[in-house]
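# Results of the structural survey
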Amino acid sequence: MSYEGILMGMGNPLLDISAVVDEEFLAKYGIKLNDAILAEEKHVPMYDEMSSKYRVEYIAGGATQNSIRVAQWMLQIPGATSYIGSIGKDKYGEEMKKNAKQAGVNVHYYEDESPTGTCAVCVVGGERSLVANLSAANCYKSDHLKKPENWSLVEKAKYFYIAGFFLTVSPESIMLVAEHAAANNKVFMMNLSAPFICEFFKDVQEKALPYTDFVFGNETEARTFSKVHGWKTDNVEEIALKISQWPKASGTHKRITVITQGADPVVVAEDGKVKLFPVILLPKEKLVDTNGAGDAFVGGFLSQLVQEKPIEDCVKAGCYASNVIIQRSGCTYPEKPNFK
């Protein structure tokens with residue numbers, strides 16, 4: 001079977017500006033740990049303050065792009081993955097292209113006049129909080145997707161992954177891919193991505209949900225989703241089950257919900273049943289930061305899914321990848337995976 005272009009991602013390419021900060025910095029900008037938000041007016045000076053006050057690292061990021069890069073790394077098959085999103089015509093954009101090329105991902109960026117999007121990654125005690133300034137990433141339009149050279153990536157792919165963050169940018173592009181997947185028996189997957197997506201982008205999320213064959217998320221997002229839908233339960237297993245039973249647009253594939261819970265077991269809901277998979281525990285002193293941990297889990301998972309491996313192998317690969325990533329700064333990895 002040919003793996004060329006088998007997995008396609010679409011999302012917000014962001015350059016991560018990552019630094020270990022302190023509680024005071026978080027308080028100053030009203031940032032909660034383990035959260036992901038969009039930058040507001042009050043966050044504008046934050047980016048400069050980070051780079052002048054702390055030791056900053058620049059790492060190509062954006063949730064979907066991270067997952068696709070990790071899947072590509074785990075697969076070690078050149079050209080197995082592709083990715084679409086919008087960057088600026090600036091040095092950060094150039095950095096992004098260089099990074100994607102090194103990672104072996106076939107990227108088709110739309111290049112906008114706005115600056116490339118950035119994401120402040122504030123790390124305290126190994127836990128991360130994300131503040132994204134989308135900028136150019138916010139300018140993606142479905143016109144770019146419809147161009148033959150870009151749509152060809154959609155036609156080639158058999159698996160699609162889009163983080164929920166892209167719902168704030170181009171729901172129209174998401175629906176084009178979702179409907180294509182349903183019509184062609186392909187696998188369409190999304191991530192809950194952040195509490196604010198479940199709360200403030202509920203309508204577009206609900207529109208895409210029937211098309212999803214896999215829904216990923218973490219326990220905080222799952223609980224927010226439950227609250228927003230009036231389910232009156234905080235039990236992650238119950239919530240995962242209810243999401244898996246959400247009505248489907250096509251009957252080809254059943255829906256599987258996969259919820260990670262940090263150091264607690266991964267919850268997988270399918271066929272009306274829940275399975276728990278323990279994660280690889282990491283001694284606290286080995287933890288560098290959790291930035292990209294969830295994205296890496298999805299990337300590892302997808303690397304086995306596209307090879308049609310059983311779910312437990314997918315979860316195992318997801319746990320392996322996130323374990324590697326949390327021992328490094330940002331979503332970065334060694335040259336070769338050591339996954340058996």
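Computed from a predicted model, the values in this text were never measured in an experiment.

A few words now on the UniProt feature "domain: Carbohydrate kinase PfkB" (unreviewed entry) in the protein. If you check UniProt for "domain: Carbohydrate kinase PfkB" (unreviewed entry), the listed places come out as residues 25-334 in our numbering. Between the end C-alpha atoms of residues 25-334 the distance is 31 Å, and the span holds 40% helix and 23% strand.

Within this model, the second largest pocket holds a volume of roughly 320 Å³. Lining the second largest pocket are 16 residues; nearest its centre among them are Trp73, Gln102, Ala103, Tyr333 and Glu335. When residues of the lining of the second largest pocket are traced back to their parent elements, those giving at least two are helix H3 (63-75) and helix H4 (91-103). Grouping the amino acids of the lining of the second largest pocket by side-chain chemistry returns seven nonpolar, six polar and three charged.

Time to look at empty space enclosed by the protein. The gaps left among the atoms become clear once a water-sized probe is rolled over them. In this structure the tally under the stated criterion is two cavities of 30 Å³ or more. Of the volumes computed, that of the largest cavity is approximately 50 Å³. Listing elements by their share of the lining of the largest cavity, those giving two or more residues are strand E10 (187-191) and helix H9 (202-208). For the lining of the largest cavity, the class distribution of residues is six nonpolar, two polar and no charged. Of the volumes computed, that of the second largest cavity is approximately 30 Å³. Grouping the constituent residues of the lining of the second largest cavity by class yields five nonpolar, one polar and three charged.

Attention shifts here to the pattern of salt bridges. Considering all chains together, one arrives at 13 salt bridges under this definition. A salt bridge links Glu95 to Lys98; the shortest N-O distance between them is 3.7 Å. Residue Glu95 and its partner Lys98 are both found in helix H4; the two are separated by three residues, about one turn of the helix. By relative accessible area, which is 29% here, Glu95 ends up partly exposed. On the basis of relative accessible area, Lys98 is assigned to the partly exposed category, the value being 47%. Two residues, Lys146 and Glu172, come together in a salt bridge whose shortest N-O distance is 3.7 Å. Residue Lys146 is located in helix H5 (residues 142-146), and its partner Glu172 is located in helix H7 (residues 171-183); the two are separated by 26 residues in the primary sequence. Exposure remark for Lys146: the relative accessible area of 46% places this residue in the partly exposed category.

Our focus in this paragraph is the nonpolar core. By size, the foremost hydrophobic cluster in this structure holds 84 residues, and its most contacted members are Phe214, Phe216 and Phe301. Looking at which element gives the most residues to this core, the answer is helix H13 (residues 311-325), with nine residues. With 16 residues, the next largest nonpolar core counts Ala19, Phe25, Leu26 and Tyr29 among its residues.

A few words on the pairing of strand E13 (residues 264-270). Burial analysis of E13 places five of its seven residues in the buried class, which makes it a mostly covered element. Bridge count for strand E12 (residues 256-261) against E13 is four bridges, and the pairing is antiparallel. Its bridge partner being in E13, Ile259 is matched across the sheet by Val267. Hairpin connection between E12 and E13: a loop of two residues separates the two successive antiparallel strands, and Gly262 in this loop has a positive phi of roughly 60°. Sheet topology places E13 next to strand E14 (residues 273-277); five bridges connect them, and they run antiparallel. Directly across from Val268, in E14, lies its bridge partner Lys275. The loop that links E13 with its antiparallel partner E14 comprises two residues; one of these, Asp271, has a positive phi angle of about 50°.

Another aspect to go through is the sheet that holds strand E5 (residues 81-88). Spatially, the nine strands line up as an open sheet ordered E6-E5-E1-E9-E10-E11-E12-E13-E14, and their pairing is mixed. In this open sheet, the two strands that pair with only one neighbour each are strand E6 (106-112) and E14. Between one strand axis and the next, the sheet turns by 20° as a mean value, whatever way the strands run. Note that strand E1 (residues 7-10) and strand E9 (residues 159-163) share three bridges and pair parallel. Along E9, the bridge assignment pairs Met8 with Phe160.

Quick notes on the rules
Residues numbered from 1 in each chain as written. Predicted model: local features only at pLDDT ≥ 70, side-chain atom pairs only at ≥ 80, totals over all residues. Heavy atoms only, no water. UniProt positions renumbered as here; feature names shortened; annotations may be inferred. Helix = DSSP H or I, 4+ residues; strand = E, 2+ residues; numbered from the N terminus. 1 Å grid on protein atoms, 1.4 Å probe; cavity = no way out; pocket = protein on both sides within 12 Å on 5 of 7 lines; lining within 4 Å. Points joined across faces, edges and corners; volume = space filled by probe spheres on them. Nonpolar A, V, L, I, M, F, W, Y, C, P; charged D, E, K, R; others polar. Salt bridge = Lys/Arg side-chain N within 4 Å of Asp/Glu carboxyl O. Buried < 20%, exposed > 50% of the residue type's maximum accessible area, 1.4 Å probe, protein only. Core = buried A, V, L, I, M, F, W, Y, C linked by side-chain atoms within 4.5 Å. Pairing = 2+ DSSP bridges. Axes fitted to C-alpha atoms, helices over the stretch in contact; angles between N-to-C directions.

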